[in-house]
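Next come the chains, spelled out residue by residue.
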Amino acid sequence: MLKYIPYIFNKTDIENNFENQKQLDNWLLRKVKSEKIIKVRNGLYVSLDQTGSINVSKFEIASKISNDSFICYHSALEYYGLANQVFRTIIVGSTSRINSFEFDSIEYLCKLTRNTEFIDYIKYAGVRVTTLERTIIDCIDDINLAGGIDELLNSLSQIKFIDEKRLLDVLKSCNKVLLYQKVGYILEQFNSNLMLSDEFFNECQMHLTNQVKYFLKDEFIDIVYCPRWKLMAPKNLKTRIYGGI
């Protein structure tokens, strides 16, 4: 029989402590009734302390939802301490389809993905999260999941160092022309802090075509043509950091 209750666990984590499935299910039922543990979703549980409080963070829960679930997009920005706002939604990536759910006033929004590259496992924290480089690329790729353009720009303004080789590796894995355009255009605005090399931006430019794309045409008043990135883009992107339009 299980003597120590983990802070967070699923059935497979503890099944070897029981003779059969029925004994395990009965144990779980008793612990839930006695308010020693609480059910997060099917098969996933967290323990409660003596005050009835949960001992784990939303990031640990998100990383335990499936065998390969991980924190991504705005939630990854939040984990890295870069988010300007804290949302009551946490975005969870997984290769298996998972229904979104709510637990402890937090909505776990599950996003199906095939991409399991560029994910760090923070062992001491029990957390899986997209690397900073992938987080930035993902957020530029889907600005809505980044919390919107204002949130993204405020996050980028706080970054003091980023590995440009890793950025290019993520871009290569995505293989999207528009993403090279957007990443080059946006990160160039913050390069006084990021200190990316000319070679980085040249590499981004090498993947461009002659097709001109629009970027955020409905978010800004002044849109101009940016010949370097072949984008119709905001005249002054960074005004949104300071509440401008």
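Cut-offs used in this document
Residues numbered from 1 in each chain as written. Predicted model: local features only at pLDDT ≥ 70, side-chain atom pairs only at ≥ 80, totals over all residues. Heavy atoms only, no water. Pairing = 2+ DSSP bridges. Helix = DSSP H or I, 4+ residues; strand = E, 2+ residues; numbered from the N terminus. Axes fitted to C-alpha atoms, helices over the stretch in contact; angles between N-to-C directions. Contact = heavy atoms within 4.5 Å.

Q: How would you sum up the pairing of strand β11 (residues 223–226)? Please name residues and give values.
A: Alignment of β11 against strand β12 (residues 231–234), held across four bridges, turns out to be antiparallel. Each bridged residue has a counterpart across the sheet, and for Val 224 the counterpart in β12 is Ala 233. The antiparallel pairing of β11 with β12 creates a hairpin that spans four residues between the two strands, and Lys 230 there sits at a positive phi of about 50 degrees.

Q: Outline the sheet that holds strand β2 (residues 37–41), supporting the account with residue identities and numerical values.
A: Taken together, the three strands give an open sheet; going across it, the order is β1-β3-β2, and neighbouring strands pair in antiparallel fashion. Taken across any chain shown, the strands that pair with only one partner, and hence form the sheet edges, are β1 (8–10) and β2. Between one strand axis and the next, the sheet turns through 30 degrees on average, direction left out of account. With three bridges connecting them, β1 and strand β3 (residues 44–47) associate as antiparallel partners. By the bridge assignment for β3, Phe 9 is matched with Tyr 45. Its contacts with the sheet put helix α2 (residues 21–33) on β1, β2 and β3, and the angle it makes with β2 is roughly 110 degrees.

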